[in-house]
Amino acid sequence: PVKTSVKPTAYILPAEINLAVPFTVQAPHANWDDPYGEFCEEASVLMAVSYVKGLTISGADFADERLLAIKSFEEQRFGYYKDTTAEETAIIIREFYKIDNVKTVSNPTVDDIKTALADKKVVIIPAAGRMLGNPYFQTPGPLYHMLVIKGYTKEGNFITNDPGTKRGADFIYSPETIMNAIHDWNGGDVDNGKKVI
């Protein structure tokens, strides 16, 4: 008999997934004055990197120290720390944390995000913050925001670590909300920013 190789027709996604990504709020000591009001990118990086390296975020003092260290790197590398783009955020991970296996993906689909999560990859998204409609954000919410997607539920909703609220661990967003809100910084014209993760 002739053996034929069977090609898999499609990658079967798990019904649900929730990666063990440690959480920190971007204002570890509940002081939302700058720079902490602007630390969503730094907090998202810290959460993602901690997951990749298998580390914990051991408390508010530790998180505070790490966020300020990332800010210092950004100021030296970019000349500023506020409102880093998706690509600049990837540069922080590559250069400051020496993790090469990071890439930006333009025009992602829900399946792209779910497939990355199924491959145990964490996803950071830049967002038009007010489109997220998070009830715990200070009104009207941030013009620009960044958060970590760490999983999805059986119902298809995304599980996130949203550093913009102390209630942000395992915060659930609908895929429609997330996909609508994904927008890069775009020089401050966030609503017209590129769809990139």
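Treat the numbers as computed from the prediction; the structure is a model and nothing was measured. (Residues numbered from 1 in each chain as written. Predicted model: local features only at pLDDT ≥ 70, side-chain atom pairs only at ≥ 80, totals over all residues. Heavy atoms only, no water.)

(A) The arrangement of the overall build of the protein in detail. A count of helices and strands for the protein gives five helices and five strands. The helix and strand sequence of the protein, counted from the amino end, reads β-α-α-α-α-β-β-β-β-α. By the compact-globule yardstick of 16 Å for 197 residues, the protein fits well, its C-alpha radius of gyration being 17 Å. For the protein, the C-alpha atoms occupy an extent of roughly 70 × 35 × 30 Å along the three principal directions. Per-residue burial for the protein yields a buried fraction of 50% across its 197 residues. Contacts in the protein between residues at least 24 apart in sequence constitute 62% of all its contacts with a sequence separation of at least 6. In the protein, 20 positive and 26 negative side-chain charges are present, and the distance between their average locations comes to 8 Å. (Helix = DSSP H or I, 4+ residues; strand = E, 2+ residues; numbered from the N terminus. Rg over C-alpha atoms; globule rule 2.2 N^0.38 Å. Buried < 20%, exposed > 50% of the residue type's maximum accessible area, 1.4 Å probe, protein only. Contact = heavy atoms within 4.5 Å. Lys, Arg positive; Asp, Glu negative; His and termini not counted. Charge placed at Lys NZ, Arg CZ, Asp CG, Glu CD.)

(B) View of helix H2 (residues 60–78). With 19 residues, H2 extends 26 Å from end C-alpha to end C-alpha; this agrees with the ideal 27 Å at 1.5 Å per step. Listed in full, the buried residues belonging to H2 are Ala63, Asp64, Leu67, Ile70, Lys71, Phe73, Glu74 and Phe78. Looking at the buried residues of H2, the elements they touch are helix H1 (40–53) and helix H3 (86–96). Looking at the residues trailing H2, positive phi occurs at Gly79, about 90°. (Expected span 1.5 Å × (residues − 1).)

(C) Structural context of the pairing of strand E3 (residues 144–152). For E3, the tally of buried residues reaches nine of nine residues, placing the bulk of the element in the interior. Sheet topology places strand E2 (residues 123–128) next to E3; six bridges connect them, and they run antiparallel. In the sheet register, Val123 faces E3, and the bridge partner there is Ile149. Taken together, the four bridges between E3 and strand E4 (residues 158–161) define a ladder with antiparallel strand orientation. Its bridge partner being in E4, Ile149 is matched across the sheet by Thr160. (Pairing = 2+ DSSP bridges.)

(D) Representation of the environment of Ala181. One can find Ala181 in helix H5 (residues 175–181). Of the residues examined, Ala181 reaches a relative accessible area of 0% and is grouped as buried. Through-space distance from the C-alpha of Ala181 to that of Asp191 is 8.2 Å; in sequence the pair is ten residues apart. Apart from the residues lying within four places of it in its own chain, the contact partners of Ala181 are Pro126, Ala127, Ala128, Met131, Leu132 and Lys195.

(E) Expanded view of the nonpolar core. Counting 53 residues, the largest nonpolar core has Ile113, Leu117, Val123, Ile125, Leu132, Ile149 and Ile178 as its most contacted members. Secondary-structure elements contributing two or more residues to this core are H1, H2, H3, helix H4 (110–118), E2, E3, strand E5 (171–173) and H5. For this core, the element with the highest residue contribution is H1, accounting for eight residues. With sequence-adjacent residues up to four places away left out, Leu132 is seen in contact with Ala127, Phe137, His145, Leu147, Tyr173, Thr177, Ile178 and Ala181. (Core = buried A, V, L, I, M, F, W, Y, C linked by side-chain atoms within 4.5 Å.)

(F) Fine view of the side chain of Ser44. By the element assignment, Ser44 lies in helix H1. When its relative accessible area of 0% is taken as the criterion, Ser44 is described as buried. Sequence-distant contacts of Ser44, that is, excluding residues within four places in its chain, are made with Ile124, Met146, Leu147, Val148 and Pro163.

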